[in-house]
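What follows is the residue order along each chain.
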Amino acid sequence: MASRNEILNKINEWLQPDDFQDYCPNGLQVEGTSEIKTVISGVTASKALIEAAIEANADMILVHHGYFWKGEDQRIQGMKRERLKQLLDNDINLVAYHLPLDDHPEYGNNRQLADILNIKNPRPLGGLVWEGELAEAMSPEKFGLHIARQLHREPLWVGEGPTSIKRVGWCTGAAQGFINTAQEAGLDAYISGEISEPTTHTARECGIHYYAAGHHATERYGVQALGKALAQEFGVTHKFIDCDNPV
């Protein structure tokens, strides 16, 4: 067992959320019990995740996608009301970290994705984009199969880049707009979660392969790494629950 404030202080020490201008509040979003025995992590604080956390007798839910995004309707009604009611009725803390969890050099989504895809020498390229190299060059088709095998989701592959892929860039989630950063660095391929209509034309006309590997699929790993670190630091129970999302 550990106190909620001890856990939050440690996460803030690790992730340094004050260094980011984000689209949502990072840290404690919904206050619950002050004593934490069980932490459930997940990608998004959906109703399905909350219900699974209740079933697991969780004291804290740790997610990448929480609530209170800039520009969203501030009224507590409908779906938002039901989610908040479940958290409050069961005295469960909701803790969310968005950009700080993408960027962290150890627990971050980008760093963790490099391990999952076996990308060597992973390092920041610029902004939130990372770069690295494959252990062995692959054809674009083989690299797509590799991504599908590791993430358990077939990526959407577009673009007209080199016949062999060695140097790759990536940024998890909805980071398709950063493809120009990878292209300007002369990389062979760029990976992100989602794709937009202009992304196809950029990939084709600028000579780079683009793989849309899934927003959810590319961001499963940061919260797991952070949850495991909390379990080691404080002796709390941690479990990751994957509520499937095809996007």
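Summary of the structure given here. This one's a predicted model, so the numbers in the text were calculated from it and none came from an experiment.

Before going further, it helps to spend a moment on the sheet that holds strand β12 (residues 209–212). Taken in spatial order, the six strands make up an open sheet running β7-β8-β10-β11-β12-β9, and their pairing is mixed. Since the sheet does not close on itself, it has two edges, and those belong to β7 (119–126) and β9 (156–158), each with one partner. Across the sheet, the mean angle from the axis of one strand to that of its neighbour is 25 degrees, orientation sign disregarded. Pairing of strand β11 (residues 189–192) with β12 involves four bridges; the strand directions are parallel. If you follow Ile191 over to β12, its bridge partner there is Tyr211.

On to the sheet that holds strand β6 (residues 93–96), then. Pairing is mixed in the open sheet, where five strands are placed in the order β2-β6-β5-β4-β13. The open sheet has two edge strands, β2 (27–30) and β13 (237–240), and neither has a second partner. Taken pair by pair, the neighbouring strands of this sheet meet at an average axis angle of 30 degrees, ignoring direction.

Bringing the layout of surface pockets into the picture now. In this structure, the largest pocket encloses a volume near 240 Å³. Around the largest pocket, the lining comprises 15 residues; the ones closest to its centre are Tyr23, His98, Leu99, Asp102 and Ala174. Looking at the lining of the largest pocket, the elements with two or more residues in it are β5 (60–65) and α4 (99–103). Of the residues in the lining of the largest pocket, the class split is seven nonpolar, six polar and two charged. A domain-level breakdown of the lining of the largest pocket finds at least three residues from each of domain 1 (2–98) and domain 2 (109–217).

Rules used in this analysis
Residues numbered from 1 in each chain as written. Predicted model: local features only at pLDDT ≥ 70, side-chain atom pairs only at ≥ 80, totals over all residues. Heavy atoms only, no water. Pairing = 2+ DSSP bridges. Helix = DSSP H or I, 4+ residues; strand = E, 2+ residues; numbered from the N terminus. Axes fitted to C-alpha atoms, helices over the stretch in contact; angles between N-to-C directions. 1 Å grid on protein atoms, 1.4 Å probe; cavity = no way out; pocket = protein on both sides within 12 Å on 5 of 7 lines; lining within 4 Å. Points joined across faces, edges and corners; volume = space filled by probe spheres on them. Nonpolar A, V, L, I, M, F, W, Y, C, P; charged D, E, K, R; others polar. Domains from an automatic or database assignment.

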